[in-house]
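Residue-level listing of the chains:
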Amino acid sequence: GTNTFSAALTASTGIDLGGGLSYGTAVKTANFTAAIDECLLFCDLTGSVITGTLPAAATAGAGKTYIFKDISGSASTYNLVIDGNGSETIDGATQVKITSNSGSVTVTTNGQHWYIIGTS
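Being a predicted model, the structure only gives us computed values, none of them experimental. In this convention, every chain numbers its residues from 1, walking through the sequence in written order. This being a predicted model, a pLDDT of at least 70 is required before a residue's local features are given, and a value of 80 or more before pairs of side-chain atoms are given or counted; all residues contribute to the totals for chains, interfaces and linings. To get the side-chain values, all heavy atoms of the structure are used, and hydrogens and water are removed first.

Asks: How would you sum up the nonpolar core? Please name residues and give values.
Replies: Looking at soluble globular proteins, one finds that nonpolar side chains tend to be buried together. Counting 21 residues, the largest nonpolar core has Leu41, Leu54, Tyr66, Phe68, Val107 and Trp114 as the members making the most contacts within it. Think of it this way: any DSSP run of H or I at least four residues long counts as a helix, any run of E at least two long counts as a strand, and we number them from the N terminus. Put simply, the parts of the chain that give this core at least two residues each are strand S3 (40-43), helix H1 (57-60), strand S5 (65-70), strand S6 (80-83), strand S7 (95-98) and strand S8 (104-109). Joining through side-chain atoms within 4.5 Å is the link that ties buried Ala, Val, Leu, Ile, Met, Phe, Trp, Tyr and Cys residues into a set, and such a set is a nonpolar core. A simple rule labels every residue: compare its accessible area, found with a 1.4 Å probe on the protein chains alone, to the largest value its type can have, and call it buried under 20%, exposed over 50%, or partly exposed in between.

Below, the structure written as structure tokens:
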């Protein structure tokens, strides 16, 4: 079955994810701002650079994570740019660029700043 919660679920002794996880996904073909209900952003860079802008860290809330993925295999030619919201930074930089074909970057916020958690 499916359980739907309108607010955060807290489990002090852990959660059994025997059924796995499903992420909110979206395919992006042009510049965009990541939505709160999205997590895994498949970016098709065929023919153009795409910039994905993060929401404000405070709006997203501590723990919010996004995964940006080049699905076109062309990031070395057409970079995938991840932009902080306004003056907000990602590991101290205003932008992060994915420049390797089929690369990805995972970012998470603590509610104040964005941080890179992983890359491929």
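Past the structure itself, the notes keep going.
Asks: Could you give an account of the packing of aromatic side chains, naming the residues involved and the relevant values?
Replies: Each aromatic ring pair is summarised here by two numbers: the centre-to-centre distance and the angle between the ring planes. By convention, a stacked pair of Phe, Tyr or Trp rings (six-membered ring in the case of Trp) has centres within 6.5 Å and planes under 30 degrees apart, an edge-to-face pair has planes over 60 apart, and any other such pair is tilted. Taken as a whole and judged by the stated rule, the model has three aromatic pairs. Here the aromatic rings of Tyr66 and Trp114 are separated by 5.9 Å at their centres, their planes lie at 45°, and the arrangement is tilted. Of the two residues, Tyr66 sits in strand S5 while Trp114 sits in strand S9 (residues 114-119), which places them 48 residues apart along the sequence. Like Trp114, Tyr66 is buried.

Asks: Can you lay out the sheet that holds S7 for me, pointing to particular residues and giving the numbers?
Replies: On the basis of which strands lie adjacent, the open sheet formed by four strands has the order S2-S4-S6-S7 and mixed pairing. Taken across any chain shown, the strands that pair with only one partner, and hence form the sheet edges, are strand S2 (32-33) and S7. Here a strand pair is declared whenever DSSP counts at least two bridges between the two strands.

Asks: Let's hear about the sheet that holds S8: which residues, and what values?
Replies: A sheet is described by the order of its strands in space; here five strands give the open sequence S1-S3-S5-S8-S9, paired in mixed fashion. Two strands in the sheet have a free side with no partner beyond their single neighbour: strand S1 (25-28) and S9. Strand after strand, the sheet turns through a mean of 20° between neighbouring axes, direction not considered. Pairing between S1 and S3: four bridges, direction parallel. Here an angle of 0 to 180 degrees is reported between the N-to-C directions of two axes, which are lines fitted to C-alpha atoms, with helices fitted over the stretch in contact.

Asks: Pulling in residues and values, what's your account of unusual backbone geometry?
Replies: You will see that Asp91, though not glycine, has its phi angle at about 50°, which is positive. Residue Asp91 is classed as partly exposed on the basis of its relative accessible area, which comes to 44%. A positive phi angle is found at Ser102, which is not glycine, with a value near 65°. Structurally, the position occupied by Ser102 is in the loop between S7 and S8. For Ser102, a relative accessible area of 36% corresponds to the partly exposed category.

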